[in-house]
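Structural characterization, general
Each chain, letter by letter, is given below.
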Amino acid sequence: DEYRDRAWFFLARTIFQQGKYKSAIFEFNSFLTKCRTENLRIESRFWIGESYFNLKESLKAIEEYNRFLEKADDVNLMITAHDRIATLYFKQQRYEEAIIEWENAIKTSSDKEQNAELVLKIGHALFKNEKYENALERLNPLLSARINSKKKGEIRLIIGRIYQLQNDHKKALTTFNAIPAELAGIYPFHDMYYFRAMSYL
């Protein structure tokens, strides 16, 4: 039974990896009707959620991720599931719910660099939700964290926009000017010069 379950599970995973998401959902659901290996049953829910995520079926994806999280013990998959749910909520402008999911991901993770990236997402959601002081509290400490220059550029872009919206253009310009010029042609930095011009005005 265990060998059969593992073979069937990896067959379904292979279908998923080929990008045949509807077929993967069908195969995983068929597998769940016969599977007797509990850890594979639980992980199958994650991959069904991933399939719905890639098909942009948000409600079904969130439902499957939550079913996975109820019994999961795989830390990496748990972090990804929380991150995916948060990303879907963010796209729906449900910023507070997104923040809760990213906070749950941080509680699960012990990777400092990964957590810094999750805090950046939380800061972005707070910015979108117009909670500017809270966003600054979360984002400013990241400027001294060990993360790559692109992520630090993203942080400075958000912080600069907050200062700009608060009419503190001196701080806004200091922040914008610290973003490396070579990032200007990369998303999300396309409007960097426009924002700087607005503060100069």
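Before any of the text, the structure's been laid out above.
An account of the accompanying structure is given in this report. Bear in mind the structure is a predicted one, so any value in this text is a computation, not a measurement. (Residues numbered from 1 in each chain as written. Predicted model: local features only at pLDDT ≥ 70, side-chain atom pairs only at ≥ 80, totals over all residues. Heavy atoms only, no water.)

A word on the overall build of the chain
Of the regular secondary structure elements, the chain holds eleven helices and zero strands. Going from the N terminus to the C terminus, the chain shows its helices and strands as α-α-α-α-α-α-α-α-α-α-α. Judged by the C-alpha coordinates and their principal axes, the chain covers about 70 × 30 × 30 Å. For the chain, the proportion of its 201 residues judged to be buried stands at 46%. In the chain, of all internal contacts separated by at least 6 residues, the share reaching a separation of at least 24 is 45%. Total accessible area computed for the chain in this model is approximately 11,500 Å², and 49% of it derives from carbon and sulfur atoms. (Helix = DSSP H or I, 4+ residues; strand = E, 2+ residues; numbered from the N terminus. Buried < 20%, exposed > 50% of the residue type's maximum accessible area, 1.4 Å probe, protein only. Contact = heavy atoms within 4.5 Å. Areas by Shrake-Rupley, 256 points an atom, 1.4 Å probe, with all protein chains shown as cover.)

A word on the side chain of glutamate 27
Within the secondary structure, glutamate 27 sits in helix H2 (residues 21-34). Here glutamate 27 is in contact with Trp8, Leu11, Ala12 and Ile15, once residues within four sequence places are set aside.

Some details on the side chain of glutamate 101
Structurally, the position occupied by glutamate 101 is in helix H6 (residues 95-108). Arginine 94 provides the closest opposite charge to the buried, unpaired glutamate 101, separated from it by 8.8 Å. Setting aside chain neighbours within four positions, we find glutamate 101 in contact with His82, Ile85, Ala86 and Tyr89. (Lys, Arg positive; Asp, Glu negative; His and termini not counted. Salt bridge = Lys/Arg side-chain N within 4 Å of Asp/Glu carboxyl O.)

Topic: the nonpolar core
Phe68 and Trp102 are the most contacted members of the largest nonpolar core, which has 65 residues in total. Per-element accounting of this core gives the leading share, nine residues, to helix H5 (residues 75-91). Apart from the residues lying within four places of it in its own chain, the contact partners of tryptophan 102 are Asp83, Ala86, Thr87, Phe90, Leu118, Lys121, Ile122 and Ala125. (Core = buried A, V, L, I, M, F, W, Y, C linked by side-chain atoms within 4.5 Å.)

Description of unusual backbone geometry
The residue after tyrosine 187, namely proline 188, is reached through a cis peptide bond having omega 5°. Along the chain, the position of proline 188 falls in the loop between helix H10 (169-177) and helix H11 (192-200). The backbone of glutamine 93 sits at a positive phi, close to 65°, despite the residue not being glycine. The exposure class assigned to glutamine 93 is exposed, which follows from its relative accessible area of 59%. Backbone geometry places asparagine 167, a non-glycine residue, at a positive phi of 65°. For asparagine 167, the position within the fold is in the loop between helix H9 (149-165) and H10.

Description of the packing of aromatic side chains
In this structure the tally under the stated criterion is 14 aromatic pairs. Between phenylalanine 90 and tryptophan 102, the aromatic rings sit 6.1 Å apart at their centres with planes inclined by 55°, giving tilted as the arrangement. Within this pair, whereas phenylalanine 90 is found in helix H5, its partner tryptophan 102 is found in helix H6, the two being separated by twelve residues in sequence. Summarising the burial analysis for this pair, phenylalanine 90 and tryptophan 102 share the class buried. Site record: aromatic cluster; members linked through ring pairs are Phe16, Tyr21, Phe46, Trp47, Tyr65 and Phe68. A cation over an aromatic ring shows up here: arginine 84 above the ring of phenylalanine 53, its NZ or CZ 4.7 Å from the ring centre. (Phe/Tyr/Trp six-rings, centres within 6.5 Å; stacked < 30°, edge-to-face > 60°. Lys NZ or Arg CZ within 6 Å of the ring centre and 35° of its normal.)

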